[in-house]
Structure formats: C-alpha cells, structure tokens
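Listed below, chain by chain, are the residues.
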Amino acid sequence: MLFIGFGGGKVLLQQLILNGIIAGSIYALIAIGFSVIYRTVKFFNLAHGIVYTAGAYFAYTLTISLHLNIILSFFLSIIFAALLGIAIDRCFYYPLRKKSASNMIFLLASFGVFIFLQNLIQLIYGAQILTIRTGPVKEGHHLCGAVITDIQILILVVSSLLLVILWLFIQKSKLGKAMRAVSDDPIAANVVGINPERIIMTSFVIGSALAGAAGILISYETNIEPTMGFSAILKGIIASIIGGIGSIPGAVLGAFFLGLAENLGIWKISAGWKDCIAFAILIIFLLIRPWGFLGTKTEKEKI
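Residues numbered from 1 in each chain as written. Predicted model: local features only at pLDDT ≥ 70, side-chain atom pairs only at ≥ 80, totals over all residues. Heavy atoms only, no water.

1. Topic: the side chain of N45
At step 1: If you trace the backbone, N45 turns up in the loop between α1 (13–41) and α2 (48–65).
At step 2: Apart from the residues lying within four places of it in its own chain, the contact partners of N45 are F34, I37, Y93, S110, F204 and I233. (Helix = DSSP H or I, 4+ residues; strand = E, 2+ residues; numbered from the N terminus. Contact = heavy atoms within 4.5 Å.)

Here it is, written out as structure tokens:
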C-alpha cells in the first residue's frame, strides 16, 4: 500500500522498519474503524473499504477540483466520509435490522454496497489513476539511517493524534461508555435506557471518519484509484483478526504487527509478495490462535 524509499539502492533494515510503522499507522485507522463498527453490529462491514476510498476522492475533489485549502479539505473530507457511513447504515443496514436479517445477509449486503459505490466512483471520476500531490518532489529527512518525508511525518502525527482522541473518547466520555455497554450486552444496555440505534449510528460516524482519514492521508502519499478500497479493507480485517476481533487495542497491535511483518518480510524478496505475507499471517493465526493477540477463546466462534 505504501511507497518504499531506499538509500543508494540498498534495502536497509531501518527503512523497512520505518515503512512498517507508517503502514501500520494507516492499517490501524482502518482496523479500528472496522472494529468500532463490528463491536456494535456484529458483522463484517465490507463497505468500510469503500468509505476509505471515498475519503481519498473527497479530498481530491475539494483540494484539486475546488482548490480549497488542504487543511480545510482534510476536515471536510472526514465529515463527508462520516456522513457516507451514516447513509450506508440508514439506507441499507437499518432496514435489514428491522427485519432481523442474519449476519450472512448483512455481509452480502455490505459487499453489494462496496461494489455499487466503487463502480459509482469509477463512473464519476473514471478508472484512471489520480493524484493530489503537487509541486516538486522534495528529499526526505534522514532518521537513524532511514529516510522519511514530510508527508510520512504528517501521516504518523495525524494518525497518532486520532488514535489518542478515540481512546480518550471511548474510555472517558459518556457516549463512549454507552458504546462499550452496547458492545458487551446490547439487551442489558437497552434495559438501562441506552438507545442501541443511536449507538450504532455513533459507531458508523466514528468508524467511517477513521476510514476516511486513512484514505485521505494515503492520498497525500500515493496515487488514488477506484479499486484501492478492496486491499485496504482486507488489511483492516486481517489486522483486526490477528489483534483480536472487536478489540480496539488489539486492532492497533494487529495493524502495526501486520505493517512490520509485511515490510520486513520483503527484505530478501520482491515487494509484490506483501499481500501473500499478510494472508499467510492470517492463516497462521486462524490455525493457531484464531482469537488473536488480545481476544478471548470465545471470540473464535464469531470469526
């Protein structure tokens, strides 16, 4: 998913570790957003990947087409991504919840939403690769033998801030505690007066905003295309599973583990093997520890 910048044509361990951390920060935003939604709706929301894609295209439209300030376009794009998440839930998932549809139906519906919106984006913007980056390419900063660019520093700083803000919200706010209550026992939460639909909507707002932020940040570093969301959601799901499905700390741990494993795994082989490495890790965890790093053994029945 990410760039590789190497000095003198040699693959350096320091550079691979740094690349892994940067990749992990993007995976973490996707995986946490996915986990926040999963905790409340209990199904794999594949449409999460298209919200990631939409975030990048929102940023492209606001920055390149409408010539807005990049900071303003960043925040507006996050808001639009959150609104898209709400629209997906209200238009597609809410009617299914009213009919008590099975998780398989929700999974198929989310895949259908993903395909529909991906084709809609391709219809509007075309299939060509687009870029937000403008101006000359600047040399990166040297850090412990590795090279890091200003955009990569921005990715690390913004993703870290978003993770801290989310943790504080979940742990300290009244709404965050209500989200945890619905996740642990929705029936009991409803009995004590917590509205599950309000919590589900909040989860889609937060999860979609994080996915949109990940798409925006990656669009500053790499090119964007309509199909970019499929790989992103697969990495987010893999990170969530190896960290412990539904666990927010586990999603962070799984994301950075996956990012580092992918980049260190290509030390001696082609970068084209990254996806293979990710799926190999998933298979190993499903066979040996299906509940992930921070999950419990009961979680393996839900995967």
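2. A few points about the pattern of salt bridges
At step 1: According to the stated counting rule, one finds six salt bridges in the structure shown.
At step 2: A salt bridge links R90 to E197; the shortest N-O distance between them is 2.7 Å. With R90 in helix α3 (residues 70–98) and E197 in helix α8 (residues 196–221), this residue pair connects regions lying 107 residues apart in the sequence.
At step 3: Residue R90 is classed as partly exposed on the basis of its relative accessible area, which comes to 27%.
At step 4: By relative accessible area, which is 25% here, E197 ends up partly exposed.
At step 5: Between D275 and K235 there is a salt bridge whose closest N-O contact spans 3.0 Å. (Salt bridge = Lys/Arg side-chain N within 4 Å of Asp/Glu carboxyl O. Buried < 20%, exposed > 50% of the residue type's maximum accessible area, 1.4 Å probe, protein only.)

3. A word on the layout of surface pockets
At step 1: Taken as a whole, the second largest pocket encloses approximately 270 Å³ of empty space.
At step 2: For the second largest pocket, the lining is made up of 16 residues, of which T40, V41, R97, P186 and I200 are closest to its centre.
At step 3: Listing elements by their share of the lining of the second largest pocket, those giving two or more residues are α1, α3, α4 (103–125), α7 (186–191) and α8.
At step 4: Taken together, the residues that form the lining of the second largest pocket break down as nine nonpolar, four polar and three charged. (1 Å grid on protein atoms, 1.4 Å probe; cavity = no way out; pocket = protein on both sides within 12 Å on 5 of 7 lines; lining within 4 Å. Points joined across faces, edges and corners; volume = space filled by probe spheres on them. Nonpolar A, V, L, I, M, F, W, Y, C, P; charged D, E, K, R; others polar.)

4. Thoughts on the packing of helix α9 (residues 228–243) against helix α10 (residues 248–265)
At step 1: Remark: α9 packs on α10, axes separated minimally by 7 Å, with the N-to-C direction vectors making an angle of 115°. When you trace α9 past α10, the crossing you get is right-handed. Residues K235, I238, A239, I242 and G243 of α9 form the contact with α10, whose own contacting residues are G250, A251, G254, A255, F257, L258 and E262.
At step 2: Tallied by class, the residues present in the contact of α9 with α10 amount to seven nonpolar, three polar and two charged. (Axes fitted to C-alpha atoms, helices over the stretch in contact; angles between N-to-C directions. Left-handed = near helix turned anticlockwise from the far one by under 90°.)

5. Observations concerning empty space enclosed by the protein
At step 1: Throughout the structure, instances matching the rule amount to one cavity of 30 Å³ or more.
At step 2: Those elements that provide at least two residues to the lining of the largest cavity are α1 and α6 (174–184).
At step 3: At three residues, α1 tops the list of elements feeding residues into the lining of the largest cavity.
At step 4: By residue class, the composition of the lining of the largest cavity is four nonpolar, one polar and two charged.

6. Focus on the environment of R180
At step 1: Along the chain, R180 falls in helix α6.
At step 2: Along the sequence, R180 and I199 sit 19 residues apart, while their C-alpha atoms lie 9.4 Å from each other.
At step 3: Contact partners of R180, with chain neighbours within four places excluded, come to R39, I170 and Q171.
At step 4: Reaching out from R180, the side chain makes a polar contact with the backbone oxygen of I170 at a distance of 3.1 Å. (Polar contact = N/O pair within 3.5 Å; in protein donor to acceptor, adjacent residues only side chain to side chain.)

7. Focus on α1
At step 1: The end-to-end C-alpha distance of α1, which contains 29 residues, comes to 41 Å, matching closely the 42 Å that a straight helix rising 1.5 Å per residue would cover.
At step 2: K42 sits one or two positions beyond α1 and adopts a positive phi of about 60°. (Expected span 1.5 Å × (residues − 1).)

8. Things to note about the packing of α3 against α8
At step 1: Closest axis-to-axis distance for the α3/α8 pair is 7 Å, and the angle between their directions is 140°. Here α8 runs oblique to α3, going by the angle between their axes. Judged by the sense of rotation from one axis to the other, the crossing of α3 with α8 is right-handed.
At step 2: When the residues that make up the contact of α3 with α8 are grouped by side-chain class, the tally is 17 nonpolar, five polar and four charged. (Parallel < 35°, antiparallel > 145°, perpendicular 65-115°, else oblique.)

9. Here's the deal with the side chain of N263
At step 1: Turning to its location among the elements, N263 is positioned in helix α10.
At step 2: Judged by its relative accessible area of 0%, N263 falls in the buried class.
At step 3: Among the polar contacts listed, one links the side chain of N263 to the backbone oxygen of G259, at a separation of 2.8 Å.

10. Considerations on unusual backbone geometry
At step 1: Of note, the phi angle at K42 is positive, near 60°, even though the residue is not glycine.
At step 2: Its place among the elements puts K42 in the loop between α1 and α2.
At step 3: In the Ramachandran plot, H67 falls in the positive-phi region, its phi being about 60° despite a non-glycine side chain.
At step 4: Tracing the backbone through its elements, the reader meets H67 in the loop between α2 and α3.

11. Description of the nonpolar core
At step 1: Counting 89 residues, the largest nonpolar core has I32, Y52, I88, L217 and L258 as the members making the most contacts within it.
At step 2: If one sorts the elements of this core by residue count, α1 sits on top with 16 residues.
At step 3: Apart from residues no more than four positions distant in its own chain, L217 is found in contact with I26, L29, F74, I155, V158 and S159. (Core = buried A, V, L, I, M, F, W, Y, C linked by side-chain atoms within 4.5 Å.)

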